Amino acid sequence: MSEGHSTYTPKTGIGRWFDARMPLPRLVYDSFIAYPVPRNLNYMWTFGGILSIMLVSQILTGIVLAMHYVSDTSLAFGSVEKIMRDVNQGWLLRYMHSNGASFFFIAVYLHIFRGLYYGSYKAPRELLWILGCIIYLLMMATGFMGYVLPWGQMSFWGATVITGFFTAIPVVGNWIQELLLGGFAVDNPTLNRFFALHYLLPFMIAGVVVLHVWALHVVGQSNPTGIEVKSKTDTVAFTPYATIKDALGMVVFLLFFAYFIFYIPNYLGHPDNYIVADPLKTPAHIVPEWYFLPFYAILRAITFNIGPIDSKLGGVLAMFGAIAMLFLVPWLDTSKVRSAVYRPWYKLFFWLFVANAILLGWLGSRPAEGAYVLMAQMATLFYFAFFLVILPVLGLIETPRRLPNSITEAVLEKNKGGSGHPAGATASPETKG
Amino acid sequence: MSATDETHDPNRRDFLYIATGMAGVVGAASVAWPFIDQMQPDASTRALASVEVDVASLQPGMSLTVKWRGKPVFIRNRTPEEVKAAQEVKLEELKDPLARNANLASDAQATDLDRSAGKGKENWLVMVGVCTHLGCIPLGQQGEYNGWFCPCHGSVYDTSGRIRKGPAPENMAVPVFSFISDTKIRIG
């Protein structure tokens, strides 16, 4: 795809003058207008665009919120309430920002699951996948630090628990925790540095997004069949086909987003965070934001010592290990076939994995007692088995279904016996994941 | 210099390259250090603020929480039953056999005496009220051992503040403290 020659021809004198000096319009034209995309992309491929919109939205609302927010423990909570009550449109901007974080994560989870289902991480897209994992890590760090800023009870105790992870590291753990906190407990220095980093990280995300898109444009997009583009008939131009499809995806996504902002703005939050932080009183149940819940469940599932590793370090290692699995996926999956469409067993295990991830999320929101602990242990076991056993073994023993010779053949096969409806860029419902 | 010439002997120029490179590394590290160091607790935080607490009003079975270094410190005048229950526990039943008492040697055993304020003051328990798992504040006189219970991840401590069940790895820490009079404790 990248090897295709640029077809950009500036039409005006100014255009030619510019093109000879700094061909930015050419870059935009080649990347977002003439850029060829597989003709069979379905709506699961619109989340890249949706994620870009969410990043921009978070940065814009974040910058204006920072103009009213005060990062001092005695003023932070009040300044957020001032934003809600006194600042013109402050309530809207804050709800856009807090719900925006959740919707950013909804989109990124769908984007990741899309990649897992269609095997988008396989050669030559390993680096593209890893850059995505790095973005996800940066998003988690940003989301965590942002949640601390309102200085409510969940902010404070979430920060205490999460920075407490680092004390599990032998020898240097306590030093690292003090380095993060700037003290012996979460306090004013912690709030100040989290604010500074919360402002910085989104721009680092934007930087990695540029690399992510760059890597994408070198190897080209994968597609629901997982077969590489072979000829010109396999592709359509990015504009108008993908642009319009992305635009519709965004509009539908933003409708859901708007529903949350205007009708249930606190649905995804926690009421305890409307109580100002109290360093001497821990809330009855500390729960992180919903998007961390599966990992939180894994953390709490390790209640036993494993050899020399005590349960605390074990839990922290399991939690970080769960994220590390994602980075290794390109090498854990041994199958030559990308798409789950042609892998009946993988398709089954994929959906079990999705169900298991949702189960882990639910368990993360439950108190750590009784049957919940055992369930979380089983679900954690399946989580790791999926990556470390099922993915490698399945690729060796599974018999995939016959692959079409090309994307075009796959598309025409799907529409066989139908009307003369143009097949380009339309997806069949069963591949929508 | 001449990378293709594999047989050449180290000369003056090689030495200069290595020396310059090393100077660059040391320079970069010494510039980087202030950026890392500023993250550490500052002088006002480090200044070991010690607190003095009047415990005259604490009858047996009553507790007091004071803030020290941003963390809560539990001071409890334990009932004779609580002390007795803690003394009867055998050391091999404990998940963490060390006293974790900053006033004693680091290898002191987690007997109830070594957890408490010492001989003659066995009823007094002074400890940092922070769960050793992930830093929540346990609730007093709750849980299976009628000691402390951490609501976050279910760690259970006994009446001596020793970890008995759940994910926490260590007994709750006893800070440096001393009785400066019969009714006054200085922490830190």
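Residues numbered from 1 in each chain as written. Chains lettered and ligands numbered in written order. Predicted model: local features only at pLDDT ≥ 70, side-chain atom pairs only at ≥ 80, totals over all residues. Heavy atoms only, no water.

1. Some thoughts on the sheet that holds strand S7 (residues 156-157) of chain B
Residues and elements named next belong to chain B.
Inference 1: Spatial ordering of the open sheet is given by S5-S6-S7-S8, a layout of four strands whose pairing is antiparallel. Edge strands, defined here as strands with exactly one partner in the open sheet, are strand S5 (139-142) and strand S8 (163-165).
Inference 2: Note: strand S6 (residues 147-149) against S7, two bridges, orientation antiparallel. Considered in S7, the bridge of Trp148 is made with Tyr157. (Pairing = 2+ DSSP bridges. Helix = DSSP H or I, 4+ residues; strand = E, 2+ residues; numbered from the N terminus.)

2. What about the side chain of B:Thr159?
All names here are of chain B.
Inference 1: Considering the arrangement of structural elements, one finds Thr159 in the loop between S7 and S8.
Inference 2: For Thr159, a relative accessible area of 6% puts it in the buried group.
Inference 3: If we ignore the near neighbours within four places in the chain, the residues touching Thr159 are Arg78, Glu82, Ala86, Leu125, Tyr145, Asn146, Gly147 and Trp148. (Buried < 20%, exposed > 50% of the residue type's maximum accessible area, 1.4 Å probe, protein only. Contact = heavy atoms within 4.5 Å.)

3. Observations regarding helix H9 (residues 188-219) of chain A
Inference 1: Taking 1.5 Å of rise per residue, 32 residues should cover 46 Å, and H9(A) covers 47 Å from first to last C-alpha, within 8% of that figure.
Inference 2: Count one or two residues on from H9(A) and you reach A:Gly220, which has phi positive near 85°. (Expected span 1.5 Å × (residues − 1).)

4. Concerning the interface of chain B and chain A
Inference 1: Of the residues lining the interface, 25 residues belong to chain B; the matching set on chain A comes to 29 residues.
Inference 2: With both sides pooled, the region where chain B packs onto chain A buries about 2,400 Å², and carbon together with sulfur makes up 66% of that total.
Inference 3: Its largest share of buried area at the contact with chain A, chain B owes to B:Met39, B:Leu134 and B:His153, together 25% of the area lost on that side.
Inference 4: Our count for the chain B to chain A interface comes out at zero salt bridges.
Inference 5: When contributions to the side of chain B that touches chain A are tallied by element, the ones reaching two or more residues are helix H2 (43-46) and strand S3 (71-77) of chain B.
Inference 6: Here the residues of the side of chain B that touches chain A sort into 11 nonpolar, eight polar and six charged. (Buried area = accessible area lost by both parts, 1.4 Å probe. Salt bridge = Lys/Arg side-chain N within 4 Å of Asp/Glu carboxyl O. Nonpolar A, V, L, I, M, F, W, Y, C, P; charged D, E, K, R; others polar.)

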